[in-house]
Amino acid sequence: MPQHTLPRPICGHCDGFPTVTVTTGTRTSDGQRQTITAHCPACRGTGHTRTVSKAVAA
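Treat the numbers as computed from the prediction; the structure is a model and nothing was measured.

## Digging into the overall build of the protein
- A count of helices and strands for the protein gives one helix and two strands.
- The helix and strand sequence of the protein, counted from the amino end, reads β-β-α.
- When the accessible surface of the protein is totalled, it reaches about 5300 Å², and 56% of it is carbon and sulfur.

## A few points about the pairing of strand S2 (residues 33–39)
- Bridge count between strand S1 (residues 19–27) and S2: six bridges; the pairing is antiparallel. Among the inter-strand pairings, Val22 is bridged to a residue of S2, identified as Ile36.
- Taken together, S1 and the strand that follows it, S2, pair antiparallel across an intervening segment of five residues, in which Gly31 is found at a positive phi of about 95 degrees.

## Brief notes about the state of the cysteines
- Summed over the entire model, instances satisfying the criterion amount to zero disulfides.
- Left without a disulfide partner, Cys40 is nearest to the cysteine sulfur of Cys43, which lies 3.7 Å away.
- Given a relative accessible area of 9%, Cys40 falls into the buried group.
- On the basis of relative accessibility, which here comes to 8%, the residue Cys43 falls in the buried class.

Cut-offs applied
- Residues numbered from 1 in each chain as written.
- Predicted model: local features only at pLDDT ≥ 70, side-chain atom pairs only at ≥ 80, totals over all residues.
- Heavy atoms only, no water.
- Helix = DSSP H or I, 4+ residues; strand = E, 2+ residues; numbered from the N terminus.
- Areas by Shrake-Rupley, 256 points an atom, 1.4 Å probe, with all protein chains shown as cover.
- Pairing = 2+ DSSP bridges.
- Disulfide = S-S within 2.5 Å.
- Buried < 20%, exposed > 50% of the residue type's maximum accessible area, 1.4 Å probe, protein only.

Shape descriptors only; they carry no functional weight alone.
Here is the structure:
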């Protein structure tokens, strides 16, 4: 029998887009754009929030 898991809530800070690539405006020596990768600090790049356990909430 299949195991069903409940969907985890999407992060409200990044709306489910946890990792983005941003161009710095400069180019590398071979002509490609220089980019950096940024991860959402709230969900740590997962796109989902953690559910608060009852022990932590109390």
